[in-house]
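Below are the chains, spelled out letter by letter.
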Amino acid sequence: MNPPTFPASQKDRREIMSNREKHDRMANAIRFLSIDAIEKANSGHPGLPMGCADIATVLFTRFLKFDPKAPNWADRDRFILSAGHGSMLLYSLLYLTGYEDMTIDQIRNFRQLGSKTAGHPEYGHATGIETTTGPLGQGLANSVGFALAERIMNAAYGDDLVDHYTYVLAGDGCLMEGISQEAISLAGHLKLNKLIVIWDDNGISIDGSVSLTDSTNQRQRFEASGWNTLACDGHDPEAIAAALEAAKKSDRPTLIAAKTTIGFGSPHKAGTNKVHGSALGKDEVAATREALGWKYSPFEVPSDVLDAWRLAGLNAAKPRADWEKRLAAAPNEKRAEFERRMRGELPGDFDDAINAYKEKLVAEKPKVATRKSSEMALEVINGVVPETIGGSADLTGSNNTRTSQTGEIAAGKYGNRYVHYGIREHGMAAAMNGMALHGGVIPYGGTFLCFSDYARPSMRLASLMGIRSIFVMTHDSIGLGEDGPTHQPVEHMAALRAIPNHLVFRPADAVEAAECWQIALESRKTPSTLALTRQNLPTVRTENSSENLCSRGAYELAKADGEAAVTIFATGSEVEIALGARALLQAHGHPTRVVSVPCFELFEAQSEGYRLDILGSAPVRMAIEAGIRQGWDRFIGTDGIFVGMNGFGASGDIADLYKHFGITAEAAAAAAEKVLHG
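Heads up: these notes are all about the structure in this document. This one's a predicted model, so the numbers in the text were calculated from it and none came from an experiment.

A few words now on the overall build of the chain. If you tally the helices and strands in the chain, you get 26 helices and 20 strands. Since a compact globule built from 678 residues should have a radius of gyration of about 26 Å, the 28 Å found for the chain is in line with a globular shape. For the chain, the spread of C-alpha atoms along the three principal axes comes to 100 × 55 × 45 Å. Put simply, the chain has 678 residues, and 61% of those count as buried. Counting only contacts in the chain whose residues sit at least 6 apart along the sequence, the fraction spanning at least 24 positions is 77%. Carbon and sulfur atoms make up 49% of the accessible area of the chain, which amounts to about 25,500 Å² in all.

Below, the structure is given as structure tokens:
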């Protein structure tokens, strides 16, 4: 630890000595709350909280704008612990600064079932946790969305209502993950200068020294991506403060390389991988207490230290009073719209706009690809919902995600509504999550369904957090044709349906596409994926319904002419095939009903009576989907007929492909008749 440089004045010298002693005691409170909680749980990562306690103390006492009594204050600074394994750092800060739901008992129950202090920070478990982190790099990538949302909202409402920073604490692992490059290059390109990333540069990972696996010059990497970079001693509070002050003046996002010692204060484990991911052990805890002069019992914070931390929380909240005055003084309409957007509510005329649009579709019966249907729905939606922010991972023309209202967002042009994410599917999905978490905007972004594999970790976290991120996935089957099996999704619908708390939609026509968009936007605590076709599809919903039928997950689209002998379940482009098979079967005297299944998850949420009615009692049940069978036995049983894929696709014309793989009305009808005739 570098000693402070003292001025000549004895008075100033005493003051700095006093301030440094106070800082050290406050930082040590973080260290020992973390040490004690991890020791009690016999599980956790003490190295980061011990090594970053000085950084956190400076940030939370001298820079961060927040209010523990109003933790969701819209204009607070956001702090993101990207290195989520160091979760006790965050939990200690929340307790010390006075967040009411982070009690000392929660600290004692670290990593125990039912506690708010989970192994890694989980959004929604406790106030002050801005995002779920743990999978390394996710928090860093989320922060790009947070910082972009701040600029978007600032462009709409001005400095009086929106003017805050996003601070990130990231580790070596966050910077090694590939998503970090997607994130930092996008942030640098957009010049998100209110984004400040502090890198815990301790040179240690679980396996040992970072030099075992990496020799990247991280500062040069960030600079090449358009960032400002600084370096400081991560244990010198004045050096940390000077770096943060300089970062706030930058016209670009800033990386601060803060050189730290992992496990700072541990006499025998500091600076080694032994302190990274396991409790110190009883003897080393005692030795660390002795080394740092911490004479207090486990979980005890002396009153002067706790008072200093609570005062820091009160001081950090002072800007909120002035902000509340500015909000109250804003014109009524502006204030009401700002508050509506931050609550996540949709405009009052949204449902009327969708219903009127559905009437128009039923009257006009367009024959278009559902990716085009989605674009048409978005043209209506974006006209009445000003907070939607669209985007695509370099596939705008293919995903059909841009409408007349969505000019491109660029550096200095944050008042627009469309993000060109580039070929960064994972970074796009994580940034969308950050935007959704920030509030005031509703992000949607597109790529090909096959490339949901690249975005999946962030999509999973959106589901875990319960946030409204909307993923537009086009080219949803072998129906994309000539691009072949590398681009043709086969297992992807089943894979996405396997994610809990995730709505996966596959609409059959323009009417269903509009309904699925309506549900996605209304689902504030559940992310959605819309799987959309490249090929044109006819309108199969030929009668208007004021009810959103897709909200049932599955519904009877066509009744049987008599007691049903066959029920065909289908999604998306295969609903047209199911209707063709129905016509053939009924012509042969086999009454057949067709059930459209736009969303498995919503169907499972219906009453048992409704589900039984939809499943019906026909002796033959069939499902048609140009993907694998997994998941369909819920509808057809293990002895039901499945018409779809059981392997990868092929390159060829769409019509040839569907015939080649036996996904046709004729093949489906023949399969049903084979069973009917025994």
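On the secondary structure map, Ala118 appears in the loop between helix H4 (104-108) and helix H5 (138-157). Spatially, the C-alpha atoms of Ala118 and Ala336 are 36 Å apart, while their sequence positions differ by 218 residues. In this view, Ala118 contacts Ser87, Tyr91, Phe110, Arg111 and His125; residues no more than four positions away in its chain are not counted.

It is worth spelling out the packing of aromatic side chains at this point. Counting across every chain of the model gives 19 aromatic pairs. Summarising the aromatic geometry, the rings of Tyr444 and Trp517 are spaced 5.5 Å apart at their centres and angled 80° between planes, so their arrangement reads as edge-to-face. Residue Tyr444 is located in strand S11 (residues 442-448), and its partner Trp517 is located in helix H20 (residues 510-522); the two are separated by 73 residues in the primary sequence. Neither Tyr444 nor Trp517 differs from the other in exposure class; each is buried. Members of the aromatic cluster, each reached through a chain of ring pairs, are Phe569, Phe600, Phe603, Trp632 and Phe635. The lysine or arginine in question, Lys194, covers the ring of Tyr165, its NZ or CZ lying 4.4 Å from the ring centre. The ring of Phe600 is capped by Arg497, whose NZ or CZ atom sits 3.8 Å from the centre of that ring.

Its 13 residues place the ends of H20 19 Å apart at the C-alpha level, agreeing with the 18 Å of an ideal helix rising 1.5 Å per residue. Across the 13 residues of H20, 12 count as buried, placing the element largely inside the fold. Those residues of H20 that fall on the buried side of the exposure criterion are Ala510, Val511, Glu512, Ala513, Ala514, Glu515, Cys516, Trp517, Gln518, Ile519, Ala520 and Leu521. A distance of 3.1 Å separates the backbone nitrogen of Val511 from a side-chain oxygen at the start of H20, and that oxygen is part of Asp509.

Let us now look at the layout of surface pockets. Looking at the largest pocket, its volume works out to about 840 Å³. Taken together, 38 residues line the largest pocket, and the ones lying closest to its centre are Asn72, Tyr123, Met342, Ala436 and Leu437. Elements that contribute at least two residues to the lining of the largest pocket include exactly strand S1 (78-81), helix H3 (87-97), helix H13 (332-343), helix H17 (425-438) and S11.

Here the focus is H3. Here H3 lies mainly inside the structure; 11 of its 11 residues are buried. Every buried residue of H3 is listed here: Ser87, Met88, Leu89, Leu90, Tyr91, Ser92, Leu93, Leu94, Tyr95, Leu96 and Thr97. Of the residues trailing H3, Gly98 is marked for its positive phi of about 105°.

Under the defined criterion, the tally for this structure stands at two cavities of 30 Å³ or more. If you add up the space inside the largest cavity, you get close to 50 Å³. The element that contributes the greatest number of residues to the lining of the largest cavity is S1, accounting for three residues. Residues belonging to the lining of the largest cavity are distributed by class as follows: six nonpolar, two polar and one charged. In this structure, the second largest cavity is lined by Ala29, Phe32, Leu33, Asp36, Arg289, Trp294, Ser297, Pro298, Phe299, Glu300 and Val301. Residues belonging to the lining of the second largest cavity are distributed by class as follows: seven nonpolar, one polar and three charged.

On to the state of the cysteines, then. Between two cysteines, a covalent bond joining their sulfur atoms is known as a disulfide. The final tally for this structure, using the stated rule, is zero disulfides. Unpaired in terms of disulfides, Cys516 finds its nearest cysteine sulfur in Cys550, a separation of 4.0 Å.

This part covers the pairing of strand S18 (residues 592-596). Counting buried residues along S18, five of its five residues qualify, which places the element largely inside the surrounding structure. Note: strand S16 (residues 555-558) against S18, three bridges, orientation antiparallel. Residue Ala558 lies in a different strand from S18, and its bridge partner there is Val594. The parallel pair strand S17 (residues 566-570) and S18 is bridged by helix H21 (residues 574-587), and the resulting crossover is right-handed.

Moving on to the side chain of Glu130. With respect to the element layout, Glu130 can be found in the loop between H4 and H5. The class of Glu130 is buried, set by a relative accessible area of 9%. In this structure the side chain of Glu130 is engaged in a polar contact, spanning 2.8 Å, whose partner is the side chain of Arg76. Apart from the residues lying within four places of it in its own chain, the contact partners of Glu130 are Arg76, Asp77, Arg78, Phe79, Tyr123, Phe146 and Leu437.

This brings us to unusual backbone geometry. The phi angle at Lys365 is positive, at roughly 50°, despite the residue not being glycine. Structurally, Lys365 is set in the loop between helix H14 (350-364) and strand S8 (368-369). The exposure class assigned to Lys365 is partly exposed, which follows from its relative accessible area of 41%. In this structure, Asp394 is a non-glycine residue whose phi angle is positive, near 65°. One can find Asp394 in the loop between strand S9 (388-392) and helix H16 (396-399).

Thresholds applied
Residues numbered from 1 in each chain as written. Predicted model: local features only at pLDDT ≥ 70, side-chain atom pairs only at ≥ 80, totals over all residues. Heavy atoms only, no water. Helix = DSSP H or I, 4+ residues; strand = E, 2+ residues; numbered from the N terminus. Rg over C-alpha atoms; globule rule 2.2 N^0.38 Å. Buried < 20%, exposed > 50% of the residue type's maximum accessible area, 1.4 Å probe, protein only. Contact = heavy atoms within 4.5 Å. Areas by Shrake-Rupley, 256 points an atom, 1.4 Å probe, with all protein chains shown as cover. Phe/Tyr/Trp six-rings, centres within 6.5 Å; stacked < 30°, edge-to-face > 60°. Lys NZ or Arg CZ within 6 Å of the ring centre and 35° of its normal. Expected span 1.5 Å × (residues − 1). Polar contact = N/O pair within 3.5 Å; in protein donor to acceptor, adjacent residues only side chain to side chain. 1 Å grid on protein atoms, 1.4 Å probe; cavity = no way out; pocket = protein on both sides within 12 Å on 5 of 7 lines; lining within 4 Å. Points joined across faces, edges and corners; volume = space filled by probe spheres on them. Nonpolar A, V, L, I, M, F, W, Y, C, P; charged D, E, K, R; others polar. Disulfide = S-S within 2.5 Å. Pairing = 2+ DSSP bridges. Right-handed = clockwise from strand over helix to strand, strands pointing away.

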